[in-house]
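What follows is each chain in one-letter form.
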Amino acid sequence: MSTYFQPQKYPATEFASTSATDEALPVVVVGAGPVGMGVALGLAQRGIPVTVLEAADQVSFGSRAICISRHSLEVAARLGFGPELEKIVLPWVGGRSFYRDEQVLHFEMAHGDHDVRGPMVNVSQSEIEQIMTDTLLAHPLITFHWSSSVAGVLRSDEDVTLDVDTAFGARRLRARWVVAADGGRSRMRELAGIRLQGNSYQGNYVIADIHWESTLPAERMVWFDPPSNPGSTIIMHQQPRDIWRIDYQLDSSDDAELETQEDRIRDRITRHLDWLENDVPWTLEWHGFYRAHALALDDFTHGRILFAGDAAHLVPIFGVRGLNSGMEDAETLAWTLAAVVHGTAGESLLQAYSAERRAAWQQNVDNAGKSTLIMSPGSHGYRTTRDAVLALATTRPEFGYLVNPRQSSATHAHLSPLTWRVAEGTTGVLPGDPMEDRRVRVATADGSVESSLNRVRGTGFAVLGVGVEPAGARMIAAHASALAMALSPESVRAVVVPAPGAAVDGAADLTVLDDPDGALAQALGASAGECFVIRPDGLVLCRVRDLSLLGDVHDHLKTATAPALGVVPAHTETTATPDELLRENVWMGLSEALDQAEESDREGFLTRLALLLGSQSGRREFEEALAAASHVSGKVSSGTPRHSHADA
């Protein structure tokens, strides 16, 4: 019996138009996907009434996005639906890639004993949306209108008027602010007369969910040119309750309309599962189709219409950055818009949101773009080098790094107008970096108790002092209290790690952490007496040694500025070794050069390149390279898979 999730349907909502004498609604959110609902929850959490318009009568059907990062689980916890979500997810930590029937990569994402959550979980977007919907419908400040699609937009300096088509006729709503979170085919974007800019990649993928009681492990599995579907690329992920997601690439010569018919999809999947020596029945539950895009608006704020998620940007799906980056959008937009609505900051704070999140899109594109060039190379040069990398990786494991999917991680805001600068040479967690959740111990009168940094710092701002004396702890608590008054109703918490031997007592306005071995201070790269201000979305706003500077935080937030002293925080984002970075540069440089070579001269170009490089190496090294290149040409077979159920 299938365990596939079936969304609940909701009756169309009847509501009245906003009259000319009515006060404008504070915020209307268009689109009840994860991003729109995330914004609504974040605003309601801060005391702002929100109206949500959804054109459909249910949450989305089908798995769609399934890979949820550790950081997105932290966002879910802060927005109030994390505990319910974490009950149903399937954790995983790594994956394997194969070239035909040979493994060429086995990777694990970073995780350690201090982590509160694993690096990644799988669960269908449909189920995430249902949990979020249940949370929204139970919130007294959120009004949900089903079967309500926006048909027109009229903007002014003070508000936005939306013409809404409903089952009960046309309605008109006037709002102070409108959040457009209505997806990649955004109607709001169309009505605003703006377009996404960027690139679309070659390569069409079919996606399918099947119910299959397999014993294969919960990991990301990818086959390049598998014997079951020669020339294709196949990706498999397990979801909860024996649901499996299968993505496979179509050849450029394939008729996409024909290949997305159910009989063709079943045939492709059957061939692959048979090759995996499957003898377990399976059923096709859902299927879809996608291409990889790297597109974004130039600006995410257009007057009083604010764009977020896929309505603002699209990223290639490789590395699972779409929904995960959208959840970051939602949390950042929620606290910045709330500050503007409450009058504790100017509208320039929303421009900071736009600048930050567009820069985050670029970070995602830079990483996902490399994965896309491996998964779906769109030119002769990249396809030639991709195939060569895979063949080499069967005997030279060091080339497997280039196949690494570069899984999603939280983006930074180093260049944000909000982010404070640092003293030159500062290392560790920098302003603009995400503050990862960690296991911590809270000092109480009855001894220390286990908690997490996220739980301790709450859903608003936090002021975290490390290695502080009692006087410093009192100063931190006082500055946090003053900031809370200035930013009300946004919460601000004070948290300190005392200096060794210092007696700092916890209080209602101060949480004290035990860090006897200095693990937290070491992880942060903090010196004694240093203080971090953490934003509601988990990013570090500033890092100061002079605690009196904490008194300037609100003034800079209010004007969306940062002090000009110091240097822009920046550090190397990659964990790759110098040799891995060298191979990556060689791969991309050679690909580009091949694309620029005349078609009739490609072999000549490669021969000249080999002669030049060979003359710069020793005879022994050159002969070894010749042997390695020759050896892989006929090595990879199309025989029995090396990863059957018996091996799993």
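Cut-offs applied
- Residues numbered from 1 in each chain as written.
- Predicted model: local features only at pLDDT ≥ 70, side-chain atom pairs only at ≥ 80, totals over all residues.
- Heavy atoms only, no water.
- Helix = DSSP H or I, 4+ residues; strand = E, 2+ residues; numbered from the N terminus.
- Rg over C-alpha atoms; globule rule 2.2 N^0.38 Å.
- Buried < 20%, exposed > 50% of the residue type's maximum accessible area, 1.4 Å probe, protein only.
- Contact = heavy atoms within 4.5 Å.
- Areas by Shrake-Rupley, 256 points an atom, 1.4 Å probe, with all protein chains shown as cover.
- Pairing = 2+ DSSP bridges.
- Core = buried A, V, L, I, M, F, W, Y, C linked by side-chain atoms within 4.5 Å.
- Axes fitted to C-alpha atoms, helices over the stretch in contact; angles between N-to-C directions.
- Left-handed = near helix turned anticlockwise from the far one by under 90°.
- Disulfide = S-S within 2.5 Å.
- Expected span 1.5 Å × (residues − 1).
- Phe/Tyr/Trp six-rings, centres within 6.5 Å; stacked < 30°, edge-to-face > 60°.
- Parallel < 35°, antiparallel > 145°, perpendicular 65-115°, else oblique.
- Nonpolar A, V, L, I, M, F, W, Y, C, P; charged D, E, K, R; others polar.

Undergrad: Tell me what's going on with the overall build of the protein, and back it up with residues and numbers.
TA: On a plain count of helices and strands, the protein comes out with 17 helices and 26 strands. Taking 648 residues into account, the globule formula puts the C-alpha radius of gyration at 26 Å, and the protein, at 27 Å, falls close to it. Per-residue burial for the protein yields a buried fraction of 53% across its 648 residues. Sequence separation of 24 or more characterises 74% of the internal contacts of the protein that already satisfy a separation of 6 or more. Here the protein has roughly 27,500 Å² of accessible surface; of this, 51% comes from carbon and sulfur atoms.

Undergrad: Give a detailed account of the pairing of strand E25 (residues 530-534), specifying residues and quantitative values.
TA: In summary, the side chains of a regular strand alternate between the two faces of the sheet. For E25, the buried fraction is high: 5 of the 5 residues fall into the buried class. Here E25 shows two buried faces, one formed by Glu530, Phe532 and Ile534 and the other by Cys531 and Val533. Sheet analysis places strand E22 (residues 461-468) next to E25, joined by 5 bridges and oriented antiparallel. Its bridge partner being in E25, Gly465 is matched across the sheet by Cys531. Note that E25 and strand E26 (residues 540-544) share 4 bridges and pair antiparallel.

Undergrad: Report on the nonpolar core, specifying residues and quantitative values.
TA: One recurring pattern in soluble globular proteins is that nonpolar side chains are buried together. Within the largest apolar cluster, 101 residues are counted, with the highest numbers of intra-cluster contacts made by Phe81, Leu162 and Phe307. Ranked by residues supplied to this core, first place goes to helix H8 (residues 322-342) with 9 residues. Setting aside residues up to four positions removed in sequence, Phe307 forms contacts with Ala180, Ser186, Met188, Arg189, Ala192, Ile194, Leu297, Phe300, His302, Ala312 and Tyr353. With 41 residues, the next largest nonpolar core counts Ile207, Val222, Ala391 and Ala393 among its residues.

Undergrad: Tell me about the pairing of strand E9 (residues 149-155), and name the residues and values.
TA: Where E9 and strand E10 (residues 160-166) come together, 6 bridges link them in antiparallel fashion. Pairing of Arg155 across the sheet is with Val160, part of E10. Counting the residues in the hairpin turn of E9 and E10 gives 4 residues.

Undergrad: Before we move on, could you go through the packing of helix H9 (residues 348-375) against helix H15 (residues 578-596) and cite the residues and values that matter?
TA: Two elements in contact, H9 and H15, have axes separated by 13 Å at closest approach and are oriented at 60 degrees. In this structure, the crossing between H9 and H15 has a hand that is left-handed. Contacts between H9 and H15 involve Lys370, Leu373 and Ile374 on the former and, on the latter, Glu584, Trp587 and Met588.

Undergrad: Which residues make up the side chain of Arg386, and what values do they have?
TA: Within the secondary structure, Arg386 sits in helix H10 (residues 380-393). Ignoring sequence-local partners within four residues, the contact set of Arg386 consists of Phe224, Thr233, Leu373, Ile374, Met375 and Pro377.

Undergrad: Explain the state of the cysteines residue by residue, including any values.
TA: Across all of its chains, the model carries 0 disulfides by this definition. For Cys531, which is in no disulfide, the shortest distance to another cysteine sulfur is to Cys542 and amounts to 7.3 Å.

Undergrad: Any chance you could break down H10 for me, citing the residues and the numbers?
TA: With 14 residues, H10 should reach 20 Å at 1.5 Å per residue; the first-to-last C-alpha distance of 20 Å fits that figure. Looking only at H10, the buried set comprises Gly381, Tyr382, Thr385, Arg386, Val389, Leu390, Ala391 and Ala393.

Undergrad: I'd like a description of the packing of aromatic side chains, backed by residues and values.
TA: Counted under the stated rule, the structure contains 9 aromatic pairs. A ring pair is formed by Tyr4 and Phe61, whose centres lie 5.7 Å apart and whose planes are at 85 degrees; its orientation type is edge-to-face. Taken together, the residues span a long stretch of sequence, with Tyr4 in the segment before strand E1 (25-30) and Phe61 in the loop between strand E2 (50-53) and strand E3 (67-69) at a distance of 57 residues. Looking at Tyr4, the relative accessible area reads 10%, which means it is buried.

Undergrad: Could you give me a rundown of the sheet that holds strand E21 (residues 447-452), with the residues and numbers involved?
TA: Read from one edge to the other, the open sheet built from 7 strands follows the order E21-E20-E24-E23-E22-E25-E26, with strand pairing classed as mixed. Both edges of this open sheet fall to E21 and E26, since each of them pairs with a single strand only. Within this sheet the neighbouring strands show an average axis-to-axis angle of 30 degrees, counted without direction. Together, E22, strand E23 (492-498) and E25 form the strand contacts of helix H12 (residues 470-487), whose direction differs from that of E23 by roughly 170 degrees.

Undergrad: A description of the environment of Leu539 should follow, citing residues and the corresponding values.
TA: As for its position among the elements, Leu539 is in the loop between E25 and E26. The class for Leu539 is buried, based on a relative accessible area of 8%. As for Leu539 and Pro49, which are separated by 490 residues in sequence, their C-alpha atoms are 26 Å apart. Those residues in contact with Leu539 that sit more than four places away from it in its chain are Glu356, Thr411, Ala413, Gly432, Asp433, Pro434, Val533 and Ile534.

Undergrad: Give a description of the environment of Tyr201 that names residues and reports values.
TA: Residue placement: Tyr201 occurs in strand E12 (residues 197-212). Between the alpha carbons of Tyr201 and Arg602 there is a distance of 23 Å; along the sequence they are 401 residues apart.

Undergrad: Give a detailed account of the packing of H8 against H9, specifying residues and quantitative values.
TA: As a packed pair, H8 and H9 sit with axes 9 Å apart at the nearest point and diverge in direction by 170 degrees. Here H9 runs roughly antiparallel to H8, going by the angle between their axes. Of the residues in H9, those in contact with Ser325, Glu328, Asp329, Thr332, Leu333, Trp335, Thr336, Leu337, Ala339 and Val340 of H8 are Leu349, Leu350, Tyr353, Glu356, Arg357 and Asn364. Its residues assigned to classes, the contact of H8 with H9 shows 8 nonpolar, 4 polar and 4 charged.

Undergrad: Could you give an account of unusual backbone geometry, naming the residues involved and the relevant values?
TA: Between Ser488 and the following residue, Pro489, the backbone shows a cis peptide bond with an omega angle of 10 degrees. By the element assignment, Pro489 lies in the loop between H12 and E23. Of note in this structure, Asp225 is not a glycine but carries a positive phi near 50 degrees. Phi at Arg241 is positive, roughly 60 degrees, even though this residue is not glycine. Using a relative accessible area of 35% as the deciding quantity, one classes Arg241 as partly exposed.

Undergrad: Please set out the sheet that holds strand E7 (residues 120-122) residue by residue, giving values where relevant.
TA: Sheet architecture is open: 3 strands sit in the order E3-E7-E4, paired in antiparallel fashion. Every interior strand has two partners, whereas the edge strands, E3 and strand E4 (90-92), have only one. With direction set aside, neighbouring strand axes in the sheet form an average angle of 35 degrees. Taken together, the 3 bridges between E4 and E7 define a ladder with antiparallel strand orientation.

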